[in-house]
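Examining the three-dimensional arrangement
Here are the chains, one letter per residue:
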Amino acid sequence: MTEQTELGRFLRARRSGVRPADVGLPAGLGVRRTPGLRREELATLAGVSVDYYTRLERGKETRPSPAVVEALANALRLNDEERDYLRDLAAQAARRAPEPRPPVSRTVRASVKQLLETVRPSPAYVVSRTNDLLAANPGGMRLMHGMQDWPARQRNTIRYTFLHPAARALWPDWEQKAKGCVAQLRAVAGSDPDAPDLAALIGELVVKSPDFNRLWERYEVRTIGDGAKTFLHPAVGTMTLTHEVLTLNRTDGQRLVVYMAPPGTADHDAMTLLDLVAPAADAPAAKAEPKASVREEPVSGQ
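Calculation rules
- Residues numbered from 1 in each chain as written.
- Predicted model: local features only at pLDDT ≥ 70, side-chain atom pairs only at ≥ 80, totals over all residues.
- Heavy atoms only, no water.
- Axes fitted to C-alpha atoms, helices over the stretch in contact; angles between N-to-C directions.
- Helix = DSSP H or I, 4+ residues; strand = E, 2+ residues; numbered from the N terminus.
- Left-handed = near helix turned anticlockwise from the far one by under 90°.
- Contact = heavy atoms within 4.5 Å.
- Nonpolar A, V, L, I, M, F, W, Y, C, P; charged D, E, K, R; others polar.
- Buried < 20%, exposed > 50% of the residue type's maximum accessible area, 1.4 Å probe, protein only.
- Pairing = 2+ DSSP bridges.
- Parallel < 35°, antiparallel > 145°, perpendicular 65-115°, else oblique.
- Salt bridge = Lys/Arg side-chain N within 4 Å of Asp/Glu carboxyl O.
- Phe/Tyr/Trp six-rings, centres within 6.5 Å; stacked < 30°, edge-to-face > 60°.
- Lys NZ or Arg CZ within 6 Å of the ring centre and 35° of its normal.
- 1 Å grid on protein atoms, 1.4 Å probe; cavity = no way out; pocket = protein on both sides within 12 Å on 5 of 7 lines; lining within 4 Å.
- Points joined across faces, edges and corners; volume = space filled by probe spheres on them.

1. Let's talk about the packing of helix 4 (residues 66–75) against helix 5 (residues 80–94)
- Put simply, helix 4 and helix 5 touch, their axes get as near as 10 Å, and they point 145° apart. The two elements helix 4 and helix 5 cross, and the hand of that crossing is right-handed. Along the contact surface, helix 4 presents Val69, Glu70, Leu72, Ala73 and Asn74, while helix 5 presents Arg83, Leu86, Arg87 and Ala90.
- Of the residues in the contact of helix 4 with helix 5, the class split is 5 nonpolar, 1 polar and 3 charged.

Right, here's the structure in full:
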(Lines give C-alpha, C1' and ligand atoms only; values in the text may rest on other atoms or scores of the structure.)
Protein backbone atom coordinates (compact mmCIF):
# COMPACT_ATOMS: atom_id res chain seq x y z
CA MET A 1 0.00 0.00 0.00
CA THR A 2 1.37 3.43 -0.95
CA GLU A 3 2.07 5.69 2.01
CA GLN A 4 0.25 9.00 1.90
CA THR A 5 2.56 11.95 1.30
CA GLU A 6 2.56 15.30 3.06
CA LEU A 7 1.16 16.67 -0.19
CA GLY A 8 -1.77 14.27 0.06
CA ARG A 9 -2.36 15.07 3.73
CA PHE A 10 -2.37 18.78 3.01
CA LEU A 11 -4.84 18.44 0.14
CA ARG A 12 -7.16 16.30 2.24
CA ALA A 13 -7.00 18.65 5.23
CA ARG A 14 -7.68 21.75 3.15
CA ARG A 15 -10.41 20.04 1.12
CA SER A 16 -12.26 19.28 4.36
CA GLY A 17 -12.18 22.97 5.28
CA VAL A 18 -13.90 24.27 2.14
CA ARG A 19 -17.70 24.18 2.08
CA PRO A 20 -19.52 23.63 -1.22
CA ALA A 21 -21.22 27.00 -0.82
CA ASP A 22 -17.81 28.68 -0.58
CA VAL A 23 -17.04 27.72 -4.18
CA GLY A 24 -20.54 28.06 -5.63
CA LEU A 25 -21.59 24.41 -5.41
CA PRO A 26 -24.96 23.20 -4.07
CA ALA A 27 -24.78 21.33 -0.80
CA GLY A 28 -27.01 18.59 -2.19
CA LEU A 29 -29.57 16.47 -0.42
CA GLY A 30 -29.03 14.27 2.62
CA VAL A 31 -26.18 14.16 5.10
CA ARG A 32 -22.68 14.60 3.70
CA ARG A 33 -20.32 11.97 5.07
CA THR A 34 -17.31 14.07 4.11
CA PRO A 35 -16.69 17.46 5.77
CA GLY A 36 -16.02 20.11 3.17
CA LEU A 37 -15.62 19.17 -0.49
CA ARG A 38 -15.78 15.65 -1.83
CA ARG A 39 -12.87 14.43 -3.96
CA GLU A 40 -14.95 14.52 -7.10
CA GLU A 41 -16.03 18.10 -6.39
CA LEU A 42 -12.48 19.33 -5.94
CA ALA A 43 -11.33 17.41 -9.02
CA THR A 44 -14.04 19.05 -11.09
CA LEU A 45 -13.15 22.51 -9.81
CA ALA A 46 -9.46 21.92 -10.60
CA GLY A 47 -10.15 20.43 -14.02
CA VAL A 48 -8.56 17.03 -13.37
CA SER A 49 -10.05 13.55 -13.34
CA VAL A 50 -11.35 12.09 -10.10
CA ASP A 51 -9.01 9.11 -10.52
CA TYR A 52 -5.97 11.39 -10.91
CA TYR A 53 -6.89 13.51 -7.89
CA THR A 54 -7.55 10.41 -5.76
CA ARG A 55 -4.13 9.01 -6.71
CA LEU A 56 -2.55 12.36 -5.84
CA GLU A 57 -4.21 12.53 -2.43
CA ARG A 58 -3.34 8.91 -1.63
CA GLY A 59 0.31 9.30 -2.59
CA LYS A 60 0.18 7.10 -5.68
CA GLU A 61 0.81 10.10 -7.94
CA THR A 62 3.72 12.28 -6.86
CA ARG A 63 4.56 14.47 -9.86
CA PRO A 64 1.74 16.97 -10.45
CA SER A 65 2.51 19.57 -13.09
CA PRO A 66 2.79 23.25 -12.10
CA ALA A 67 -0.52 23.86 -13.90
CA VAL A 68 -2.26 21.21 -11.79
CA VAL A 69 -0.77 22.61 -8.59
CA GLU A 70 -2.03 26.09 -9.47
CA ALA A 71 -5.47 24.75 -10.39
CA LEU A 72 -5.73 22.96 -7.04
CA ALA A 73 -4.60 26.11 -5.23
CA ASN A 74 -7.33 28.10 -6.97
CA ALA A 75 -9.98 25.49 -6.21
CA LEU A 76 -8.98 25.39 -2.54
CA ARG A 77 -8.91 29.22 -2.36
CA LEU A 78 -5.38 29.27 -0.94
CA ASN A 79 -3.68 32.54 -0.09
CA ASP A 80 -0.17 33.41 -1.29
CA GLU A 81 1.63 31.75 1.62
CA GLU A 82 -0.48 28.61 1.33
CA ARG A 83 0.20 28.48 -2.43
CA ASP A 84 3.94 28.63 -1.78
CA TYR A 85 3.55 25.82 0.75
CA LEU A 86 1.62 23.70 -1.77
CA ARG A 87 4.33 24.28 -4.40
CA ASP A 88 7.01 23.24 -1.90
CA LEU A 89 5.11 20.07 -1.02
CA ALA A 90 4.69 19.20 -4.70
CA ALA A 91 8.43 19.65 -5.23
CA GLN A 92 9.19 17.50 -2.19
CA ALA A 93 6.81 14.74 -3.35
CA ALA A 94 8.56 14.61 -6.73
CA ARG A 95 11.93 13.83 -5.16
CA ARG A 96 12.99 10.21 -5.14
CA ALA A 97 15.09 10.65 -2.00
CA PRO A 98 15.50 13.54 0.44
CA GLU A 99 18.58 15.67 -0.05
CA PRO A 100 20.79 15.77 3.07
CA ARG A 101 20.96 19.16 4.75
CA PRO A 102 24.09 20.40 6.53
CA PRO A 103 23.72 21.06 10.28
CA VAL A 104 22.13 24.41 11.06
CA SER A 105 24.48 26.92 12.66
CA ARG A 106 23.38 28.32 16.03
CA THR A 107 26.09 31.00 16.15
CA VAL A 108 24.85 34.59 16.48
CA ARG A 109 27.13 37.25 14.98
CA ALA A 110 28.77 39.76 17.29
CA SER A 111 27.16 42.63 15.37
CA VAL A 112 23.72 41.16 15.98
CA LYS A 113 24.41 40.81 19.69
CA GLN A 114 25.47 44.45 19.70
CA LEU A 115 22.19 45.33 18.00
CA LEU A 116 20.28 43.58 20.79
CA GLU A 117 21.95 45.97 23.25
CA THR A 118 21.37 48.99 21.05
CA VAL A 119 17.58 48.59 20.92
CA ARG A 120 17.16 48.48 24.71
CA PRO A 121 14.80 49.01 26.51
CA SER A 122 12.89 47.29 23.71
CA PRO A 123 12.76 43.55 24.39
CA ALA A 124 14.53 41.75 21.56
CA TYR A 125 15.83 38.28 20.79
CA VAL A 126 17.19 36.14 17.98
CA VAL A 127 15.52 32.87 17.03
CA SER A 128 16.43 30.09 14.61
CA ARG A 129 14.18 29.02 11.75
CA THR A 130 12.51 26.58 14.17
CA ASN A 131 12.24 29.30 16.86
CA ASP A 132 15.07 28.16 19.14
CA LEU A 133 16.02 31.15 21.29
CA LEU A 134 19.68 31.81 20.40
CA ALA A 135 20.33 35.19 22.05
CA ALA A 136 18.37 37.92 23.86
CA ASN A 137 18.75 41.21 25.68
CA PRO A 138 17.45 41.32 29.29
CA GLY A 139 13.91 42.37 28.36
CA GLY A 140 13.78 39.81 25.57
CA MET A 141 14.79 37.02 27.93
CA ARG A 142 12.23 38.05 30.55
CA LEU A 143 9.39 38.76 28.13
CA MET A 144 8.32 35.11 28.10
CA HIS A 145 8.15 34.69 31.84
CA GLY A 146 9.93 31.56 33.03
CA MET A 147 11.81 30.89 29.79
CA GLN A 148 15.06 31.45 31.67
CA ASP A 149 14.17 28.50 33.93
CA TRP A 150 14.87 26.11 31.07
CA PRO A 151 18.33 24.95 29.97
CA ALA A 152 19.65 26.97 27.03
CA ARG A 153 19.19 24.14 24.52
CA GLN A 154 15.55 23.74 25.49
CA ARG A 155 14.59 27.40 25.01
CA ASN A 156 12.26 27.62 22.04
CA THR A 157 9.36 30.06 21.71
CA ILE A 158 6.98 27.48 20.22
CA ARG A 159 7.89 24.86 22.83
CA TYR A 160 7.32 27.54 25.48
CA THR A 161 3.88 28.41 24.06
CA PHE A 162 2.61 24.84 24.33
CA LEU A 163 4.58 23.29 27.19
CA HIS A 164 5.54 25.97 29.72
CA PRO A 165 3.01 26.31 32.57
CA ALA A 166 3.25 30.14 32.50
CA ALA A 167 2.43 30.54 28.80
CA ARG A 168 -1.38 30.38 28.90
CA ALA A 169 -1.54 33.09 31.56
CA LEU A 170 0.94 35.30 29.70
CA TRP A 171 -1.16 35.80 26.55
CA PRO A 172 -4.88 36.58 26.99
CA ASP A 173 -5.39 35.43 23.39
CA TRP A 174 -3.36 32.25 23.84
CA GLU A 175 -5.36 30.28 21.25
CA GLN A 176 -4.62 32.86 18.55
CA LYS A 177 -0.96 32.94 19.57
CA ALA A 178 -0.82 29.14 19.40
CA LYS A 179 -2.42 29.05 15.95
CA GLY A 180 0.19 31.49 14.67
CA CYS A 181 3.04 29.38 16.06
CA VAL A 182 1.78 26.23 14.36
CA ALA A 183 1.07 27.98 11.06
CA GLN A 184 4.59 29.43 11.05
CA LEU A 185 6.11 26.01 11.75
CA ARG A 186 4.03 24.57 8.89
CA ALA A 187 5.54 27.14 6.55
CA VAL A 188 9.05 25.98 7.52
CA ALA A 189 8.07 22.32 7.14
CA GLY A 190 6.89 22.89 3.57
CA SER A 191 10.35 23.84 2.35
CA ASP A 192 12.41 21.43 4.47
CA PRO A 193 10.27 18.61 5.90
CA ASP A 194 13.18 16.19 6.42
CA ALA A 195 15.34 18.50 8.55
CA PRO A 196 16.28 16.70 11.82
CA ASP A 197 15.83 19.80 14.03
CA LEU A 198 12.36 20.41 12.62
CA ALA A 199 11.28 16.77 12.86
CA ALA A 200 12.48 16.54 16.47
CA LEU A 201 10.54 19.63 17.57
CA ILE A 202 7.34 18.62 15.80
CA GLY A 203 7.58 15.07 17.14
CA GLU A 204 8.03 16.29 20.70
CA LEU A 205 5.09 18.68 20.53
CA VAL A 206 2.76 16.19 18.84
CA VAL A 207 3.41 13.73 21.68
CA LYS A 208 3.36 16.17 24.60
CA SER A 209 0.66 18.68 23.59
CA PRO A 210 -2.84 17.66 22.44
CA ASP A 211 -3.46 21.31 21.49
CA PHE A 212 -0.43 21.35 19.20
CA ASN A 213 -1.50 18.06 17.63
CA ARG A 214 -5.01 19.43 17.03
CA LEU A 215 -3.74 22.59 15.35
CA TRP A 216 -1.01 20.77 13.40
CA GLU A 217 -3.62 18.63 11.67
CA ARG A 218 -5.37 21.73 10.33
CA TYR A 219 -2.51 22.43 7.90
CA GLU A 220 -2.78 26.20 8.21
CA VAL A 221 0.23 28.07 6.81
CA ARG A 222 1.40 31.58 7.72
CA THR A 223 4.69 33.34 8.22
CA ILE A 224 5.00 35.66 11.19
CA GLY A 225 5.55 39.35 10.54
CA ASP A 226 4.65 42.55 12.31
CA GLY A 227 1.75 43.04 14.68
CA ALA A 228 0.74 43.73 18.26
CA LYS A 229 0.61 41.40 21.24
CA THR A 230 -0.80 41.89 24.72
CA PHE A 231 1.09 40.39 27.65
CA LEU A 232 -0.24 39.83 31.17
CA HIS A 233 3.24 39.79 32.63
CA PRO A 234 3.56 38.86 36.34
CA ALA A 235 6.58 41.17 36.83
CA VAL A 236 5.35 44.40 35.18
CA GLY A 237 1.61 44.03 34.60
CA THR A 238 -0.38 44.31 31.37
CA MET A 239 1.33 45.77 28.30
CA THR A 240 0.56 45.79 24.59
CA LEU A 241 3.63 45.88 22.37
CA THR A 242 4.04 46.02 18.61
CA HIS A 243 6.76 43.90 17.08
CA GLU A 244 8.81 43.54 13.93
CA VAL A 245 10.50 40.38 12.67
CA LEU A 246 13.64 40.88 10.60
CA THR A 247 15.40 38.10 8.67
CA LEU A 248 19.17 38.18 9.21
CA ASN A 249 21.34 37.92 6.12
CA ARG A 250 23.91 35.14 5.77
CA THR A 251 22.32 32.91 8.40
CA ASP A 252 20.37 29.65 8.31
CA GLY A 253 17.03 31.38 8.71
CA GLN A 254 17.78 33.34 11.90
CA ARG A 255 15.34 36.16 12.69
CA LEU A 256 15.57 39.19 14.94
CA VAL A 257 12.36 39.96 16.85
CA VAL A 258 12.01 43.42 18.41
CA TYR A 259 9.07 44.62 20.56
CA MET A 260 8.22 48.34 20.92
CA ALA A 261 5.80 50.81 22.48
CA PRO A 262 5.33 54.59 21.96
CA PRO A 263 7.39 56.66 24.43
CA GLY A 264 5.39 58.25 27.22
CA THR A 265 2.78 55.50 27.33
CA ALA A 266 2.06 53.04 30.12
CA ASP A 267 3.10 50.24 27.77
CA HIS A 268 6.51 51.87 27.26
CA ASP A 269 6.90 52.30 31.03
CA ALA A 270 6.13 48.61 31.57
CA MET A 271 8.53 47.62 28.81
CA THR A 272 11.28 49.76 30.35
CA LEU A 273 10.64 48.28 33.78
CA LEU A 274 10.97 44.80 32.30
CA ASP A 275 14.40 45.75 30.97
CA LEU A 276 15.46 47.05 34.39
CA VAL A 277 14.06 44.28 36.59
CA ALA A 278 16.78 43.24 39.04
CA PRO A 279 18.09 39.69 38.63
CA ALA A 280 16.66 38.84 42.06
CA ALA A 281 13.16 39.37 40.65
CA ASP A 282 13.74 36.71 38.02
CA ALA A 283 13.04 33.06 38.66
CA PRO A 284 15.63 31.37 40.93
CA ALA A 285 17.06 29.36 38.05
CA ALA A 286 17.99 32.57 36.27
CA LYS A 287 20.50 33.56 38.99
CA ALA A 288 22.98 31.00 37.74
CA GLU A 289 23.09 32.55 34.28
CA PRO A 290 26.07 34.65 33.14
CA LYS A 291 25.94 38.33 34.13
CA ALA A 292 26.43 39.49 30.53
CA SER A 293 23.46 41.61 29.43
CA VAL A 294 23.08 39.69 26.17
CA ARG A 295 22.38 36.10 27.08
CA GLU A 296 23.39 33.45 24.63
CA GLU A 297 23.78 29.71 25.02
CA PRO A 298 27.26 28.21 24.64
CA VAL A 299 27.82 27.13 21.07
CA SER A 300 30.42 25.08 19.27
CA GLY A 301 29.69 26.64 15.92
CA GLN A 302 26.84 24.28 15.06
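From this point, the discussion proceeds with the structure in view.
2. Considering the pairing of strand 1 (residues 124–127)
- Every second residue of strand 1 is oriented toward a common face, with Ala124 and Val126 on one face and Tyr125 and Val127 on the other, all of them buried.
- For strand 1 and strand 2 (residues 133–136), the ladder comprises 3 bridges, and the chain directions are antiparallel. Bridging across to strand 2, valine 126 finds its partner in alanine 135.
- The hairpin turn running from strand 1 into strand 2, its antiparallel successor, is 5 residues long, and asparagine 131 in that turn takes a positive phi close to 75°.

3. Description of the packing of helix 2 (residues 39–46) against helix 3 (residues 50–57)
- For the pair helix 2 and helix 3, the least separation of the axes is 9 Å and the interaxial angle reads 110°. When the axis of helix 2 is compared with that of helix 3, the two are roughly perpendicular. The two elements helix 2 and helix 3 meet at a crossing, and its hand is right-handed. In this structure, helix 2 uses Arg39, Glu40, Leu42 and Ala43 to contact helix 3, whose residues at the interface are Val50, Tyr53, Thr54 and Glu57.

4. Section: the pattern of salt bridges
- Counting across every chain of the model gives 19 salt bridges.
- A salt bridge links glutamate 82 to arginine 14; its shortest N-O distance comes to 3.0 Å. Here the residue glutamate 82 occupies a position in helix 5, and arginine 14 occupies one in helix 1 (residues 6–16), the gap between them amounting to 68 residues. Judged on exposure class, the residue glutamate 82 and its partner arginine 14 are both buried.
- Across the pair glutamate 117 and arginine 120 runs a salt bridge, and its minimum N-O distance is 3.3 Å.
- Of the residues examined, arginine 120 reaches a relative accessible area of 28% and is grouped as partly exposed.
- The structure contains a network of salt bridges with shared partners spanning Glu70, Arg83, Asp84 and Arg87.

5. Focus: the pairing of strand 4 (residues 237–247)
- By the bridge criterion, 7 bridges tie strand 3 (residues 227–233) to strand 4 in an arrangement that is antiparallel. When the sheet's bridge partners are listed, phenylalanine 231 is paired in strand 4 with methionine 239.
- The antiparallel pairing of strand 3 with strand 4 creates a hairpin that spans 3 residues between the two strands.
- Bridging between strand 4 and strand 5 (residues 255–260) involves 6 bridges; their strand directions are antiparallel. For threonine 247, the partnering residue across the bridge sits in strand 5 and is arginine 255.

6. Digging into the side chain of glutamate 82
- Judged by its relative accessible area of 8%, glutamate 82 falls in the buried class.
- Once residues within four sequence positions are removed from consideration, glutamate 82 is found in contact with Phe10, Arg14, Arg77 and Val221.

7. With respect to the packing of aromatic side chains
- In the structure shown here, the tally under the stated rule is 10 aromatic pairs.
- Arranged with centres 5.3 Å apart and planes meeting at 90°, the rings of phenylalanine 162 and phenylalanine 212 form a pair that is edge-to-face. Taken together, the residues span a long stretch of sequence, with phenylalanine 162 in helix 8 (residues 157–163) and phenylalanine 212 in helix 12 (residues 210–216) at a distance of 50 residues. Residue phenylalanine 162 shares its accessibility class with phenylalanine 212, and that shared class is buried.
- Among the aromatic residues, ring-to-ring pairing joins Tyr125, Trp150, Tyr160, Trp171, Phe231 and Tyr259 into one connected group.
- Over the ring of tryptophan 216 we find arginine 186; its NZ or CZ atom is 3.6 Å from the centre of that ring.
- The ring of tyrosine 219 has arginine 186 lying over it, and the distance from NZ or CZ to the ring centre is 3.6 Å.

8. Focus on helix 4
- Residues of helix 4 that are buried include every one of Val68, Val69, Ala71, Leu72, Ala73 and Ala75, and no others.
- Taken from the residues just after helix 4, arginine 77 is the one with a positive phi, measuring 60°.

9. Thoughts on empty space enclosed by the protein
- All chains considered together, the criterion is met by 2 cavities of 30 Å³ or more.
- If you add up the space inside the second largest cavity, you get close to 30 Å³.
- Around the second largest cavity, the lining residues are Tyr125, Leu143, Met144, Trp171, Lys177, Phe231 and Tyr259.
- For the lining of the second largest cavity, the per-class residue count stands at 6 nonpolar, no polar and 1 charged.

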